[in-house]
Each structure stands twice: as C-alpha cells, then as structure tokens.
Amino acid sequence: MTNRQRVLSGIQPTADSFHLGNYLGAVRNWVPLQDSHDAFYCVVDLHAITNPHDPAALRRRTRVAAAQLLAAGLDPDRCALFVQSHVPQHAELAWVMECITGFGEASRMTQFKDRTARYGSDKVGVGVFTYPILQAADILLYQANVVPIGEDQRQHIELTRDLAQRFNSRFGDTFVIPDALIVKETAKIVDLADPAAKMSKSSESQAGVIDILEEPAAITKKIKRAVTDTGTEVRFDPAKQPGVSNLLTIQSTLSGRQIEELVTSYAGKGYGDLKSEVAAVVVDYLTPLRERTQKWLSDEAGLDEVLATGAARAREVAGATLAAAYDAVGFLPARR
Ligand code: TYM
C-alpha cells in the first residue's frame, strides 16, 4: 500500500463543464490509476485566476469540476480529491521554485508566448508567466512518479523535471523526478469544426467543442456539423483525414471497440453514417455521467466533505515535502 508509486494530476475550473478533450485526454485515464497508484487529483483554482475571472463563477465551477471528477469515476476512498487553494503548500513551494527558474526559461513556455503575442505583455498578468512553476510545485509536493495529461501539457512536465533536477543537485535529493503519462491515441482530441486545432475551452467558437455536460440535442447537432475531410470513405489517417480520424478516435474510446473494427464496419457507408453513430455513442456515454454530476451537485455538503477529506490527506503529504524543501534551502525551522 505505502510503497505504491504516486500519481498526481490537475484540472482547471475555468468552464461550466469539462470538454471531451479534457475527458478523453486526461480525466478518463486518471480513473484506473487509483487502483495501481497512490493517487492525488486536484482542481487547480490558483491556476484559474491567472486570467481575469468572476469570483462567483469560480466558486461554482470549482464544485462543478469536483462533481464531474467524481461522476467520471474518481472514488474518495481510493484517491485524494482536493482543491489546490485548500493546500497552502502549493503557493509556498511555488515561490521557492520560482527562485531557481530562469527568466528566459519561463519566457519560452508556449502558453505565455501565445498569450503575450496575442494580447501584448501589458495585458498578460505575471501569474501567466509563473503558471508552469506553480504546476511544477503541484507535482513535486506529492513526489509524483507519473502525471497523466494531454499532449498540450508535455512542456510543463519537462520544466518540472528540469526544476526538480536543478533543486536536487543544488540542495540535495528532495524531489522525485516525475514522468508524463500521455496516452497517444487520445493525447490531442481536435476541434470538430476546425480539425487543425485542439479542442479547447478558449476557442473563439464553441461549435466544435463538445462539453461533457451538454444536452444530447446540442451534442448531436455539433457532431452532425463536424468538418469531415475531402473524400467519402471512412478511413483512419490522422494526417490526411484529421476530422474523420478524430471522430473514429472518439467512438473507439467511448465504445471500447477497436478502430480497425469500426473502419471495417463503415465499409460502403459514408460520413453521414459515421456522424450518426458517433453522436449516439457520445450521447449514450455522457448521459449517465451528466446525471451523476448533477446528483453530486445537489449534495453540496457531501461534495464539500469529500474535498475536505482530500485536502487533509494532501496537506499531510505536501507538508512533509515542503518542510524538507525549506530545510534543504536553509530556512531556519519555525518554532511552534
Ligand atoms: P487543463 O485544465 O487545461 O486541462 C486538463 C487536462 O485536459 C487535457 N486536455 C486535452 N487532452 C487531449 N485533447 C485535448 N484537446 C485536450 N485539452 C485539454 C490537458 O492536457 C490536461 O491534462 N496546466 C494544467 C492543469 C494543471 C496540472 C497540474 C496538470 C495544473 N497543475 C499538475 C497536471 C499536473 C491545465 O491547464 O490543464
């Protein structure tokens, strides 16, 4: 039990629902790791304020995020599910890690570069700049061995590894060096309306973004309008047919059927058939998930209790790591 490897991952409460990319690329893979690993999963509300936000919406979305994670199969008896701001060690370790991060190193992070290119540096907060360092602290505090994420987070795990190695070599072995766990097939679910782009909550148009809490009729409409590729045959070829391949990936993952088997079943059929079947599979899969989420949301006290228990467990582990890191850098122990 105690010598199991650790897993940690996090998700931002920045929307009223996760989208299918979050679910397939990350959350879905968190569930089985509860059985093989000592698991810590967190709703990263500190990260969620790096862009302008509304406090009431953040409070609501933090609970909605936790409810969706429970509905997706996280089990409070098998993992610690908690809210990042309930564990003060995240912000505390982030400061220490910022002090060993190069300015240029942080400037090279894609998210920061994209935002400053788009809005100008005066419109982007320092929190966006230090965001990946806080993420490193999230991971290192739990001595996580694996971090299950989608492709877009790979760079942040690379930085986390670099910072952990740097800290360990300057101040003595303190942190486990984590590995990213990226499941290739679902690492980048693309936007249904723009298959060149990843599915993202920050896309200007939400026409190609399927929210997991969305109503069945809306989901079906979006899938029926999905951009497919030139040609008529249903083939799996992500480079040449990204739209069709994305739909096949979604269908395969949610139905448990192999891609090849699906492709064979579409022989002689067209994109219309593909879209109808994918829509039916997605709706069938998401309907009970939405209902379970609503059930958790109708029991706010129960939900808050789960988060309180998760935070208490997280603070135990995070507190021990932070104490070791503070000691390693030479902070005088605080007398209590
Ligand atoms: P976030 O909240 O943007 O996304 C949560 C997870 O969903 C994955 N994801 C996708 N996977 C496949 N296809 C897509 N289109 C897609 N879109 C999103 C993301 O890769 C992610 O795994 N910085 C993180 C949150 C974070 C974190 C952490 C993650 C904070 N601290 C510590 C791991 C460990 C983020 O913004 O994820």
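Residues numbered from 1 in each chain as written. Predicted model: local features only at pLDDT ≥ 70, side-chain atom pairs only at ≥ 80, totals over all residues. Heavy atoms only, no water.

Participant: Before we go on, may I ask you to explain the side chain of Ser17 in this structure?
Facilitator: Within the fold, Ser17 resides in the loop between strand S1 (6–11) and helix H1 (20–36). For Ser17, a relative accessible area of 10% translates into the label buried. A distance of 3.2 Å separates a polar atom in the side chain of Ser17 from the backbone nitrogen of Ile212. Among the polar contacts made by the side chain of Ser17, one reaches the main-chain amide nitrogen of Leu213 at a distance of 3.1 Å. (Helix = DSSP H or I, 4+ residues; strand = E, 2+ residues; numbered from the N terminus. Buried < 20%, exposed > 50% of the residue type's maximum accessible area, 1.4 Å probe, protein only. Polar contact = N/O pair within 3.5 Å; in protein donor to acceptor, adjacent residues only side chain to side chain.)

Participant: Explain the pattern of salt bridges to me, please; I cannot follow it from the model alone.
Facilitator: Note on pairing: side chains with opposite charge can pair once their charged atoms come close. As enumerated under the stated definition, the model contains 16 salt bridges in all. Across the salt bridge formed by Asp304 and Arg63, the nearest N and O atoms sit 2.9 Å from each other. Taken together, the residues Asp304 in helix H13 (residues 300–329) and Arg63 in helix H3 (residues 55–71) connect sequence positions 241 residues apart. Relative accessible area serves as the criterion here: at 24%, Arg63 is assigned to the partly exposed category. Across the pair Arg78 and Asp75 runs a salt bridge, and its minimum N-O distance is 3.0 Å. The exposure class of Arg78 is partly exposed, given its relative accessible area of 33%. With a relative accessible area of 22%, Asp75 lands in the partly exposed category. (Salt bridge = Lys/Arg side-chain N within 4 Å of Asp/Glu carboxyl O.)

Participant: Please explain the site of the ligand as it appears in this structure.
Facilitator: Near the ligand, the surroundings consist of 28 residues, among which Tyr131, Gln135, Asp138, Asp152 and Ile189 are the closest. In the model, an oxygen atom of the ligand is placed 2.7 Å from a nitrogen or oxygen of the Tyr131 side chain. Gln135 is positioned such that a nitrogen or oxygen atom in its side chain is 2.8 Å from a nitrogen atom of the ligand. Starting from 710 Å² of accessible surface for the ligand in isolation, the protein chains cover 97%. Put simply, the parts of the chain that give the shell around the ligand at least two residues each are S1, H1 and helix H7 (126–140). Split by residue class, the shell around the ligand holds 11 nonpolar, 12 polar and five charged. (Near = heavy atom within 4 Å. Areas by Shrake-Rupley, 256 points an atom, 1.4 Å probe, with all protein chains shown as cover. Nonpolar A, V, L, I, M, F, W, Y, C, P; charged D, E, K, R; others polar.)

Participant: Help me understand the environment of Ser17, please; the structure alone is not making it clear to me.
Facilitator: The spatial distance from the C-alpha of Ser17 to the C-alpha of Lys201 is 9.2 Å, given a sequence separation of 184 residues. Apart from residues lying up to four places away in sequence, Ser17 is in contact with Gln68, Asp211, Ile212 and Leu213. (Contact = heavy atoms within 4.5 Å.)

Participant: Quick question: what am I supposed to make of the environment of Cys42 here?
Facilitator: Inspection of the secondary structure assignment puts Cys42 in strand S2 (residues 38–43). With residues near it in sequence (within four places) discarded, Cys42 still touches Ser9, Gly10, Ile11, Phe82 and Gln84.

Participant: Just to check I follow, could you spell out the packing of H3 against H13 for this structure?
Facilitator: Working note: a packed helix pair is described by the angle between its axes plus the distance between those axes. Interaxial distance between H3 and H13 falls to 11 Å at its minimum, and their mutual angle equals 80 degrees. Overall, the two elements H3 and H13 adopt an arrangement that is roughly perpendicular. Where H3 abuts H13, its residues Arg63, Ala66, Ala67 and Leu70 lie against Glu300, Leu303, Asp304, Val306 and Leu307. Within the contact of H3 with H13, the residues separate by chemical class into six nonpolar, no polar and three charged. (Axes fitted to C-alpha atoms, helices over the stretch in contact; angles between N-to-C directions. Parallel < 35°, antiparallel > 145°, perpendicular 65-115°, else oblique.)

The values reported here are purely geometric and, on their own, carry no functional implication.
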